[in-house]
Amino acid sequence: MATPVSVLRLPKGPEPNGSRGFDPTSPRFIALCRTSISTLVASEEDAEQLQREQCARSALRESFLRCLLSMANKKVQFHMYEKVKVEATFGACDIDVLNFQVSDLHTPIGVQKEALIRCQDVISYTFHL
Amino acid sequence: MQSGWLLLGPLDWICYLNKQVKVKTGNDEEHRGWLLTVDPVSASVVLVNFGEVGGASVQVVMGHAVEEVEVLQEADEETAERLSAAFLPQQISFSPNELRRRKEMARRWLQKNHVPVDDNGEELKVAGVLTLMPPYMPEDCRSSNEIILDRIQKLLETNPEKLEDRPRHT
């Protein structure tokens with residue numbers, strides 16, 4: 001099925017920067033705008049632990065960023081909730097891993113030329129190196 | 001229904017590296033593979049499965065969907081090496097003469113474009129805030145200033161003297 005469909009504009013949900021009237025303590029805001037997981041270590045006595053945690057954090061993140069880089073312009077299968085499986089060409093991901101920008105998204109109702117996929121809706125995604 | 005996975009933190013997640021794991025997601029599905037990394041921002045788990053004829057398939061399970069992660073086995077040396085090389089850009093080695101030549105080419109081009117360049121041994125110190133490391137390709141720039149980084153990278157990309165130096169991907 002390759003019928004292009006016209007662009008669907010859904011209402012914009014809450015965003016981490018600025019509220020636009022959304023209550024930042026509401027479950028929906030927290031679910032959709034979860035920002036980076038903060039460090040677990042707070043006290044000064046654990047300064048050495050904090051340093052180790054930051055080292056681990058940056059190593060893990062660098063690996064993940066390289067993974068995202070290797071996905072660019074490749075076909076990716078997204079496995080989403082409600083047994084939805086779609087395929088698209090991967091473009092980019094935002095810094096908080098909240099949205100994926102994709103092209104040629106094959107959906108049951110046709111092909112979206114450009115789309116944003118909400119990460120909260122995705123269970124897993126697959127691609128080939 | 002949030003599992004404890006999201007709350008573990010980098011020091012715990014890093015213990016799962018280079019292990020074959022089984023990840024259970026909320027919809028009673030299982031995903032298996034070699035754990036390459038866990039994104040500290042989203043707790044997403046990156047799994048790799050190697051194909052029989054080289055090549056690999058990568059599956060990323062989003063952090064919010066992870067119910068449980070079970071370790072199946074440790075990677076042997078060969079697998080660990082394959083994993084660490086999975087996403088790294090290809091390395092190419094140049095002779096010392098070739099490196100010198102490339103350094104001069106980069107320096108000439110930057111200076112021609114009125115960008116201050118200082119020699120710093122093997123590295124070039126550019127505009128006081130950026131370091132250009134061997135082999136002096138645009139991706140070898142290091143800087144904490146994003147704007148300068150972007151401008152210098154773009155400038156290096158447009159150097160007309162650039163010869164065929166990108167590795168061919170097969």
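Summarised in this report is the structure supplied together with it. Residue positions are given per chain, counting from 1 as you read along its sequence in written order. Both sets of labels track the order of writing: A upward for chains, 1 upward for ligands. Whole-chain, interface and lining totals are the exception, using all residues; otherwise, since this is a predicted model, local features are given only for residues with pLDDT of at least 70 and side-chain atom pairs are given and counted only at 80 or more. Note: side-chain values were computed over all heavy atoms of the structure, leaving out hydrogens and water.

**Quick look at the interface of chain A and chain B**
Opposite the 32 residues of chain A that make contact, chain B presents 36 residues. Here chain A and chain B share an interface that buries about 2900 Å² over both sides, 68% of which is from carbon and sulfur atoms. Whenever Lys or Arg places a side-chain nitrogen within 4 Å of a carboxyl oxygen from Asp or Glu, that contact is recorded as a salt bridge. In this structure, the salt-bridge partner of Arg61 of chain A is Asp39 of chain B, at a minimum N-O distance of 2.7 Å. Polar contacts, as used here, are pairs of N or O atoms within 3.5 Å; protein pairs need one atom able to donate a hydrogen and one able to accept it. Residues neighboring in sequence count only if both atoms are side-chain atoms. Summed over the shared surface of chain A and chain B, the number is nine residue pairs in polar contact (both at pLDDT 80 or more). Three residue categories are used. Nonpolar comprises Ala, Val, Leu, Ile, Met, Phe, Trp, Tyr, Cys and Pro, charged comprises Asp, Glu, Lys and Arg, and polar comprises the others, including Gly. Broken down by class, the residue content of the side of chain A that touches chain B amounts to 16 nonpolar, nine polar and seven charged. By this definition, two strands are paired if DSSP reports at least two bridges between them. In DSSP terms, a helix is any run of H or I states spanning at least four residues, a strand is any run of E spanning at least two, and both are numbered starting from the N terminus. Across five bridges, the pairing between strand S5 (residues 122-128) of chain A and strand S4 (residues 56-61) of chain B is antiparallel. Residue contacts follow a heavy-atom distance rule, with two residues in contact if any of their heavy atoms lie within 4.5 Å. Summed over both partners, the accessible area lost on bringing two parts together, with a 1.4 Å probe, is the buried area.

**Structural notes on the sheet that holds strand S6 (residues 117-120) of chain B**
Residues and elements named next belong to chain B. Within the open sheet, the four strands sit side by side as S6-S7-S8-S9. Their pairing is antiparallel. Of all strands in the sheet, those with a lone pairing partner are S6 and strand S9 (141-143), marking the two edges. Pairs of neighbouring strands in the sheet enclose a mean axial angle of 25 degrees, with direction left out of account. Two strands pair when backbone bridges link them, and strand S7 (residues 123-126) and strand S8 (residues 130-132) are joined in this way by three bridges, in the antiparallel orientation. Of the residues in S8, the one forming a bridge with Leu124 is Leu132. Axes here mean lines fitted to C-alpha atoms, for a helix over just the part in contact, with angles spanning 0 to 180 degrees between N-to-C directions. Each of S6, S7 and S8 is contacted by helix H3 (residues 96-112), which is oriented at about 155 degrees to S6, the strand it contacts most.

**Brief notes about the packing of H3 of chain B against helix H4 (residues 146-157) of chain B**
All names here are of chain B. Viewed as axis vectors pointing N to C, H3 and H4 meet at an angle of 110 degrees, and their least axial separation amounts to 10 Å. By the criterion of interaxial angle, the relationship of H3 to H4 is roughly perpendicular. Crossing hand, H3 versus H4: right-handed. Only Ile152, Leu155 and Leu156 of H4 make contact with H3, whose side of the interface consists of Ala106, Trp109 and Leu110. For the contact of H3 with H4, the class distribution of residues is six nonpolar, no polar and no charged. Throughout this description, any angle smaller than 35 degrees is read as roughly parallel, any larger than 145 degrees as roughly antiparallel, any in the 65 to 115 degree range as roughly perpendicular, and the remainder as oblique. Definitions for this section: a left-handed crossing has its near helix turned counterclockwise from the far helix by less than a right angle. A right-handed crossing has that turn clockwise.

**Concerning the pairing of S4 of chain B**
Residue and element names in this part refer to chain B. A simple rule labels every residue: compare its accessible area, found with a 1.4 Å probe on the protein chains alone, to the largest value its type can have, and call it buried under 20%, exposed over 50%, or partly exposed in between. The element S4 is extensively covered by neighbouring structure, given that five of its six residues are classed as buried. Where strand S3 (residues 45-50) meets S4, six bridges bridge the pair, whose relative direction is antiparallel. Bridge pairing in S4 places Leu47 opposite Gln59. The antiparallel hairpin formed by S3 and S4 contains five residues in its connecting segment, where Gly54 sits at a positive phi of about 75 degrees.

**Notes on the pattern of salt bridges**
Residues and elements named next belong to chain B. Tallied over the full model, the rule gives 14 salt bridges over all chains. Here Lys24 ties to Glu68 by a salt bridge, and the two come within 3.9 Å at their closest N and O atoms. Of the two residues, Lys24 is situated in strand S1 (residues 19-25) and Glu68 in strand S5 (residues 66-74); the sequence distance between them amounts to 44 residues. Judged by relative accessible area, which is 31%, Lys24 ranks as partly exposed.

**Observations concerning unusual backbone geometry**
Residue Pro134 of chain B is joined to Pro135 of chain B through a cis peptide bond whose omega torsion reads -5 degrees. Note that Pro135 of chain B resides in the loop between S8 and S9. Of note in the backbone geometry, Asp104 of chain A takes a positive phi value of approximately 50 degrees without being a glycine. By the secondary structure assignment, Asp104 of chain A is in strand S3 (residues 99-107). Of note, Asn18 of chain B is a non-glycine position whose phi angle comes to about 60 degrees, a positive value. We classify Asn18 of chain B as partly exposed; its relative accessible area is 29%.

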